[in-house]
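Residue-level structural notes
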Amino acid sequence: QVQLVESGGGLVQPGGSLRLSCAASTIIFSIYTMGWYRQAPGKQRELVATITSGGSTNFADSVKGRFTISRDNAKKTVYLQMNSLKPEDTAVYYCNLRPPAGRDSWGQGTQVTVSS
């Protein structure tokens, strides 16, 4: 059983920044690939960023150079630092945990709204 608890969403002006956090309730954390996905109204859920157990990262083209993903294994937490936010970044952001075997786990999502 895995619970992912997201925080840090909210309303921000274009060009602003937010940092999302996702805390996992798992006994083991460091071996998992973690990720952030987002879903805008009327659109499919899309990958934003991932980070492996070894620290390798991957980003969607739309956020490269603006977003960073990091993890703190001691805190069992993954972060998404979002800078230079654009209105098109508005979406519900979901935390994802991918174990070596078994099904992915998902958080409930946190709303990020970028608007003047």
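Below you will find a few notes about this structure. (Residues numbered from 1 in each chain as written. Predicted model: local features only at pLDDT ≥ 70, side-chain atom pairs only at ≥ 80, totals over all residues. Heavy atoms only, no water.)

Re the overall build of the protein
For the record, the criterion: Only DSSP runs of H or I with at least four residues qualify as helices, and only runs of E with at least two residues qualify as strands; both kinds are numbered from the N terminus onward. Note on method: radius of gyration uses C-alpha positions; expected globular size equals 2.2 Å times residues raised to 0.38. Burial here depends on accessible area, computed with a 1.4 Å probe over protein chains only, as a share of the maximum for the residue type. Under 20% is buried, over 50% is exposed, and the range in between is partly exposed. Contacts were defined at the residue level, with two residues in contact if any of their heavy atoms lie within 4.5 Å.
Looking only at helices and strands, the protein features zero helices and 11 strands. Counting from the amino terminus, the protein carries its helices and strands in the arrangement β-β-β-β-β-β-β-β-β-β-β. At 13 Å, the protein has a C-alpha radius of gyration in line with the 13 Å of a compact globule built from 116 residues. In terms of overall dimensions, the protein has C-alpha extents of about 40 × 25 × 20 Å along its principal axes. Here the protein, with 116 residues, has 42% of them falling under the buried criterion. Look at the contacts in the protein between residues 6 or more apart in sequence, and 53% of them connect residues 24 or more apart.

Thoughts on the pattern of salt bridges
Let me state the cut-off plainly: Salt bridge, as used here: a side-chain nitrogen of Lys or Arg that lies within 4 Å of a carboxyl oxygen of Asp or Glu.
Per the counting criterion, the structure on display carries five salt bridges. For the salt bridge of Arg38 with Glu46, the shortest nitrogen-to-oxygen distance reads 2.8 Å. Among the residues examined, Arg38 registers a relative accessible area of 5% and is labelled buried. Take Glu46: its relative accessible area is 30%, and that puts it in the partly exposed class. Asp89 is paired through a salt bridge with Arg38; the nearest N and O atoms lie 2.9 Å apart. Here Arg38 lies in strand S4 (residues 33-39) and Asp89 lies in the loop between strand S8 (77-82) and strand S9 (91-98), a separation of 51 residues in the sequence. Considered together, Asp89 and Arg38 belong to a single accessibility category, that of buried residues. Through salt bridges with shared partners, one network takes in Arg38, Glu46, Arg66 and Asp89.

Here's the deal with the nonpolar core
Here is the rule: Think of a nonpolar core as a cluster: buried Ala, Val, Leu, Ile, Met, Phe, Trp, Tyr and Cys residues, connected wherever their side-chain atoms sit within 4.5 Å.
Within the largest apolar cluster, 29 residues are counted, with the highest numbers of intra-cluster contacts made by Met34, Trp36, Leu80, Met82 and Tyr93. Those elements that provide at least two residues to this core are strand S3 (18-24), S4, strand S5 (46-51), strand S7 (67-72), S8, S9 and strand S11 (110-114).

Observations concerning the state of the cysteines
The bond known as a disulfide is covalent and runs between the sulfur atoms of two cysteines. Operational definition: Cysteine sulfur atoms are paired as a disulfide whenever they fall within 2.5 Å.
Tallied over the entire structure, the rule returns one disulfide. A sulfur-sulfur separation of 2.0 Å characterises the disulfide bridge that pairs Cys22 with Cys95. Of note, the bridge from Cys22 to Cys95 carries an S-S torsion of about -85 degrees and is left-handed in sense. Of this pair, Cys22 sits in strand S3 while Cys95 sits in strand S9, and the two are 73 residues apart along the sequence. Look at Cys22 and you get buried, because its relative accessible area is 0%.

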